[in-house]
Amino acid sequence: MGWVGEVVITSVTRRKFCNRGFFNMPLCPKYGIMADILILVLPTVGEELSFLNLLMQYIITLVAVSVADFVTSDMAHRLLHRRLSQYERDTLFGGELKGTTVALAKSAVILVMIKLLHPFVFTFVRLLPLWLLQIVGLVLLGMLLLDMVSVIYAGEMRRRRESREKKREKSGKKSGTARTREEIAKAMSEENLGNRLCNAVWKRLERAYPGMGEREDIRSGRYVFAKGLCLNKLLWIFIIWAFIGDLFETVFVWATTGVWMSRTSVIYGTFSIVWGCGAVIITIVTRRLANREDRFVFLSGAVLWGVYEYTCSVISEFVFGRTFWDYSDMMFNIGGRTNLLFCLFGGVLSVLWVKSLYPLISGLIERIPPAIGMVATWAVIVVMVADLLLSGAVLSRYVNRLEGEEAQNVLEEFIDANYSDEYVESIWPNMQEPGSGTPIWQQETAQ
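*Asks:* I tried to follow the overall build of the chain on my own but got confused; where do I start?
*Replies:* If you tally the helices and strands in the chain, you get 15 helices and two strands. Residues counted as buried form 42% of the 447 residues belonging to the chain. For the chain, restricting intrachain contacts to residue pairs at least 6 apart in sequence, the fraction spanning at least 24 positions comes to 70%. Total accessible area on the chain is roughly 25,200 Å²; 67% of this is exposed by carbon and sulfur atoms.

Written out as structure tokens, the structure is:
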């Protein structure tokens, strides 16, 4: 439906059909992922059609739409080294009145569509046999992955060919035999079948995004590790803030309750995934606001952090059947999942991050020697992915044990033998069943 909406709007404005999908298939994955998240989060606000509930659902939708546009634009930029479209301008955090107006209207339409169409789609899907849904899902997923690979391959081939042509053009100018653009285009079109397919994909992108800029040569000049806002830098921002966030929460809980407790998100190490992912999202979304007034950055950061924390609480409950924080006993809380105090704290932290801390940390990361930086980055990726997978398996097995399920395979037997209930509860002492209102550490204190 997202693809249809973009095609209709673009075709009407340009007066001709235009496939606005990033991939070749009639799909816009960002709308599907965004809809899945909203379908999980919006009902937790409340089913009553009150003004406050609708306002909260609209704010959540607005932030989700803006973040999805930012992330989509950023991913396309990294894959193709071009800006396909200035999606980030038409968001709540774009810093422009026209863009904010577009985001407000777009979010209203998406919220209405989810409210009206999702019940019918859900009912229709439930009528289909499970085996048919699994087959269709696997086929569509495979086609989408192949489509994605073709676009990425086309972008990389285009980048390499343009780099070669630039070198030939420079050498040709020196020798007086430089080729014209028409000659270059003709030579590229007469290459093998694979390159012709790449040209076809690229021409479709150029028709869909006529404002697509020239390639940004991010590899020119002396190589600097994690230069600009790249994936390597985002990874280290994630690690740094996951560590800082865990330490901050540990000290904050001790100062407010007098209890030292683990606040980590993983089995091994002191890392808060919520803080790490939050820092990455704030960095991507608010980078355009560095030159704006502090109050604008503060408001954007406060709203973004509140919706982000609320969404994390809902997703963790959906995946593991447990919540890891509950603010029901605090004033101005929203469903116990976030509260005004932490939203304001997120706004203050966003100002400090955008204006002062990010430029400092970014400069320090870029001073790391390239060889050391790349080795350390891949080492961190391997260790963190293994830690996250193990932590998820241990937590899932812990919940199953509480429900009386026996180990079904060698992995579950290994987890049972090495990660007892007491050990899991010491790692996540603030974990609780939804609606119980009593975390594990308080239950142990009462006993």
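*Asks:* Would you take a moment to explain the nonpolar core for this structure?
*Replies:* One recurring pattern in soluble globular proteins: nonpolar side chains tend to sit buried together. If you look at the biggest cluster of nonpolar residues, it comprises 72 residues, and the most contacted ones within it are M34, L38, I60 and W428. No other element matches the nine residues that helix α3 (residues 51–80) contributes to this core. Membership of the second largest hydrophobic core comes to eight residues, among which are M157, V201, W202 and L205.

*Asks:* What exactly am I supposed to notice about helix α8 (residues 231–257) here?
*Replies:* An α-helical turn contains 3.6 residues, so any two residues separated by three or four positions project in the same direction. Helix length check: α8, at 27 residues, gives a terminal C-alpha distance of 38 Å against a target of 39 Å (1.5 Å per residue), a fit within 8%. Of the residues flanking the end of α8, it is G258, one or two places downstream, whose phi is positive at about 75°.

*Asks:* Just to check I follow, could you spell out the side chain of S107 for this structure?
*Replies:* Mapped onto the elements of the fold, S107 is located in helix α4 (residues 97–127). At a separation of 2.8 Å, a polar atom in the side chain of S107 contacts the main-chain carbonyl oxygen of A103. Once residues within four sequence positions are removed from consideration, S107 is found in contact with Y58, T61, L62 and V65.

*Asks:* Help me understand helix α9 (residues 273–286), please; the structure alone is not making it clear to me.
*Replies:* Over its 14 residues, α9 runs 20 Å from end to end, which matches the ideal 20 Å to within 8%, given 1.5 Å per residue. Inspection of α9 places I273, V274, W275, G276, G278, A279, V280, I282, T283, I284, V285 and T286 among the buried residues, and these make up the whole buried set.

*Asks:* Would you mind going over the pattern of salt bridges with me for this structure?
*Replies:* Once the charged atoms of two side chains with opposite charge are near each other, the side chains can pair. Summed over the entire model, instances satisfying the criterion amount to ten salt bridges. Among the ionic pairs, D69 bridges to K30, the shortest N-O distance being 2.5 Å. Note that D69 is positioned in helix α3 and K30 in helix α2 (residues 29–45), a separation of 39 residues in sequence. Note on D69: relative accessible area 2%, which makes it buried. By relative accessible area, which is 13% here, K30 ends up buried. The partner of D421 in a salt bridge is R401, and the shortest N-O contact between them spans 2.7 Å. Note that D421 is positioned in helix α14 (residues 421–427) and R401 in helix α12 (residues 370–402), a separation of 20 residues in sequence. Owing to a relative accessible area of 21%, D421 belongs among the partly exposed residues under this scheme.

*Asks:* Looking at this model, I keep getting lost on a nonpolar patch on the surface. Mind explaining?
*Replies:* On the surface, M1, V112, L116, L117, V121, F124, V125, L130 and L133 cluster together into a nonpolar patch covering about 820 Å² of accessible area. Looking at the nonpolar patch, the elements that each hand over two or more residues are α4 and α5 (130–175). It is α4 that provides the largest number of residues to the nonpolar patch, a total of six residues. A relative accessible area of 30% places L133 in the partly exposed class.

*Asks:* Just checking my understanding: could you explain the packing of aromatic side chains for this structure?
*Replies:* Two numbers describe a pair of aromatic rings. These are the distance of the centres and the angle of the planes. All told, the structure shown has 15 aromatic pairs when counted by the stated rule. A ring pair is formed by W254 and W260, whose centres lie 5.2 Å apart and whose planes are at 20°; its orientation type is stacked. Pairing F414 with Y419 gives two aromatic rings, centres 6.4 Å apart and planes at 70°, and the pair type is edge-to-face. Following the ring pairs from residue to residue traces out a cluster consisting of W241, F248, F252, W275, W305, Y308, Y327, F342, F345, W353 and Y358. Of note, R292 hangs over the ring of F296, and the distance from its end group to the ring centre comes to 4.3 Å. One residue, R337, lies across the ring of Y310, its end atom 5.8 Å from the ring centre.

*Asks:* What exactly am I supposed to notice about the side chain of R337 here?
*Replies:* As for its position among the elements, R337 is in the loop between β1 (333–334) and β2 (338–339). The class of R337 is buried, set by a relative accessible area of 12%. A distance of 2.8 Å separates the side chain of R337 from the side chain of E317, its partner in a polar contact. Discounting residues that sit within four places of it in the chain, R337 has contacts with T44, E309, Y310, S313, V314, E317, T323, W325 and Y327.

*Asks:* Would you mind going over the packing of α9 against helix α10 (residues 294–320) with me for this structure?
*Replies:* The relative placement of two packed helices comes down to the angle between their axes together with the axis-to-axis distance. Where α9 contacts α10, the two axes come as close as 11 Å, and the packing angle between them is 140°. Between α9 and α10, the angle is such that the two are oblique. For α9 against α10, the interelement crossing comes out right-handed. In contact with I273, V274, C277, G278, I281, I282 and V285 of α9, α10 contributes L304, W305, Y308 and C312. Partitioned by chemical class, the residues of the contact of α9 with α10 number ten nonpolar, one polar and no charged.

*Asks:* Explain unusual backbone geometry here, please?
*Replies:* Excluding glycine, residues mostly have negative phi values, and the peptide bonds linking residues are mostly trans. With phi around 55°, A226 is a residue other than glycine that occupies positive phi space. Examined against the element boundaries, A226 turns out to sit in the loop between α7 (193–208) and α8. At F332, a residue that is not glycine, the phi angle is positive and equals roughly 55°. Within the fold, F332 resides in the loop between α10 and β1.

*Asks:* How should the environment of M56 be read in this particular structure?
*Replies:* Of note, M56 is situated in helix α3. On a C-alpha basis, the gap between M56 and V45 in space is 7.2 Å, while along the polypeptide they are eleven residues apart. Not counting residues within four places of it along the chain, the set of residues in contact with M56 comprises V45 and I334.

*Asks:* Explanation requested: the packing of α9 against helix α11 (residues 340–366) in the structure shown.
*Replies:* Relative to each other, α9 and α11 sit at 65°, their axes nearing to 11 Å. Both α9 and α11 take part in a crossing whose hand is right-handed. Contact residues: W275, A279, I282, T283 and T286 in α9; F345, L349, S350, W353, V354 and Y358 in α11. Of the residues contributing to the contact of α9 with α11, the split by class is eight nonpolar, three polar and no charged.

Calculation criteria
Residues numbered from 1 in each chain as written. Predicted model: local features only at pLDDT ≥ 70, side-chain atom pairs only at ≥ 80, totals over all residues. Heavy atoms only, no water. Helix = DSSP H or I, 4+ residues; strand = E, 2+ residues; numbered from the N terminus. Buried < 20%, exposed > 50% of the residue type's maximum accessible area, 1.4 Å probe, protein only. Contact = heavy atoms within 4.5 Å. Areas by Shrake-Rupley, 256 points an atom, 1.4 Å probe, with all protein chains shown as cover. Core = buried A, V, L, I, M, F, W, Y, C linked by side-chain atoms within 4.5 Å. Expected span 1.5 Å × (residues − 1). Polar contact = N/O pair within 3.5 Å; in protein donor to acceptor, adjacent residues only side chain to side chain. Salt bridge = Lys/Arg side-chain N within 4 Å of Asp/Glu carboxyl O. Patch = residues over 30% accessible without salt bridge, like charges linked within 9 Å, V, L, I, M, F, W, Y side chains within 5 Å. Phe/Tyr/Trp six-rings, centres within 6.5 Å; stacked < 30°, edge-to-face > 60°. Lys NZ or Arg CZ within 6 Å of the ring centre and 35° of its normal. Axes fitted to C-alpha atoms, helices over the stretch in contact; angles between N-to-C directions. Parallel < 35°, antiparallel > 145°, perpendicular 65-115°, else oblique. Left-handed = near helix turned anticlockwise from the far one by under 90°. Nonpolar A, V, L, I, M, F, W, Y, C, P; charged D, E, K, R; others polar.

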